[in-house]
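Overview (structure and organization)
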Amino acid sequence: MSEPPAGLHNLDLLAIYCNDHLAASVGGIELVRRMLDVHRNTPYAPALEQLLTELHGENEALRSTMAALGLPVQRYKQVALWLGEKASRLKLNGRLVSRSPLSDLVEFEFLASAVRAKRSGFESLREVADADERLDKEQLNGLVEQANRQHEWLTATRREVAARVFGGNDHAADQAAD
């Protein structure tokens, strides 16, 4: 790793942080691919396809950010998350042979939570950009906004799926907040 600029601290910790987010992005890409297989002929498919495209772009943006900072990519973390996503398919969901409707809800919930965490990561890198001019502030601002948009769709979809699986009103949380 190169010597950090005067305003940047703990480059070794930043490398760990970025590698953790990079590994998580690999897991997210795999999950969305699987979800696309399940939802290929549903109204969710176009948004999931867009999400997959955006996740690939975000992965590349994170790799570019790491390269700009001279941070190494730790591939073993990406492999571990890839394997973890595959293992998560073995979860108990109340069905032995077929896919449970609960799987849809759990996957959309997980994605919504993961997008929030990803947004936090891009927000943190945006803070780093104030200490290191090698980072593209506008790109990071755009990634934060993109994550906000993704989270809005995932939240609405998660609520819709929950109402479909359990019954109820998918707009109840919005109405309670008003």
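Refer to the structure presented above.
In this text, all values refer to a predicted model and were calculated from it rather than measured experimentally.

Observations regarding the pattern of salt bridges
Counted by the stated rule, this structure contains 10 salt bridges. The residue Glu 54 makes a salt bridge to Arg 149 at a minimum N-O spacing of 2.8 Å. Residue Glu 54 is found in helix H2 (residues 45-69), and its partner Arg 149 is found in helix H5 (residues 137-166); the two are separated by 95 residues along the sequence. Accessibility expressed as a relative area gives 11% for Glu 54, which makes it buried. Owing to a relative accessible area of 40%, Arg 149 belongs among the partly exposed residues under this scheme. Here Arg 119 makes a salt bridge to Glu 123, at a shortest N to O gap of 3.5 Å. Of this pair, Arg 119 and Glu 123 both sit in helix H4 (residues 101-129), four residues apart, which is roughly one turn of that helix. Connected through salt bridges with shared partners, the residues Arg 126, Asp 130 and Lys 137 form a single ionic network.

A short note on the packing of aromatic side chains
In this structure the tally under the stated criterion is two aromatic pairs. Summarising the aromatic geometry, the rings of Phe 108 and Trp 153 are spaced 5.9 Å apart at their centres and angled 75° between planes, so their arrangement reads as edge-to-face. Of this pair, Phe 108 sits in helix H4 while Trp 153 sits in helix H5; the two residues are 45 residues apart in sequence, bridging distant segments of the chain. By the ring-pair criterion, three or more aromatic residues cluster together here, those being Tyr 44, Phe 108 and Trp 153.

A word on H4
Because each turn of an α-helix spans 3.6 residues, side chains separated by three or four positions end up pointing in the same direction. Between the first and last C-alpha of H4 there are 42 Å, a value that for 29 residues agrees with the 42 Å anticipated at 1.5 Å per step. Its side-chain oxygen 3.0 Å from the backbone nitrogen of Leu 102, Ser 100 forms the N-cap of H4.

Some thoughts on the side chain of Arg 126
Note on placement: Arg 126 falls in helix H4. Of note is the side chain of Arg 126, whose polar atom sits 3.0 Å from the side chain of Asn 141. Non-local contacts of Arg 126, meaning those with residues more than four positions away in its chain, are made with Lys 137, Leu 140 and Asn 141.

Concerning unusual backbone geometry
Located in the positive-phi region is Asn 10, a residue other than glycine, with phi close to 50°. One can find Asn 10 in the segment before helix H1 (11-38).

Calculation rules
- Residues numbered from 1 in each chain as written.
- Predicted model: local features only at pLDDT ≥ 70, side-chain atom pairs only at ≥ 80, totals over all residues.
- Heavy atoms only, no water.
- Salt bridge = Lys/Arg side-chain N within 4 Å of Asp/Glu carboxyl O.
- Helix = DSSP H or I, 4+ residues; strand = E, 2+ residues; numbered from the N terminus.
- Buried < 20%, exposed > 50% of the residue type's maximum accessible area, 1.4 Å probe, protein only.
- Phe/Tyr/Trp six-rings, centres within 6.5 Å; stacked < 30°, edge-to-face > 60°.
- Expected span 1.5 Å × (residues − 1).
- Polar contact = N/O pair within 3.5 Å; in protein donor to acceptor, adjacent residues only side chain to side chain.
- Contact = heavy atoms within 4.5 Å.

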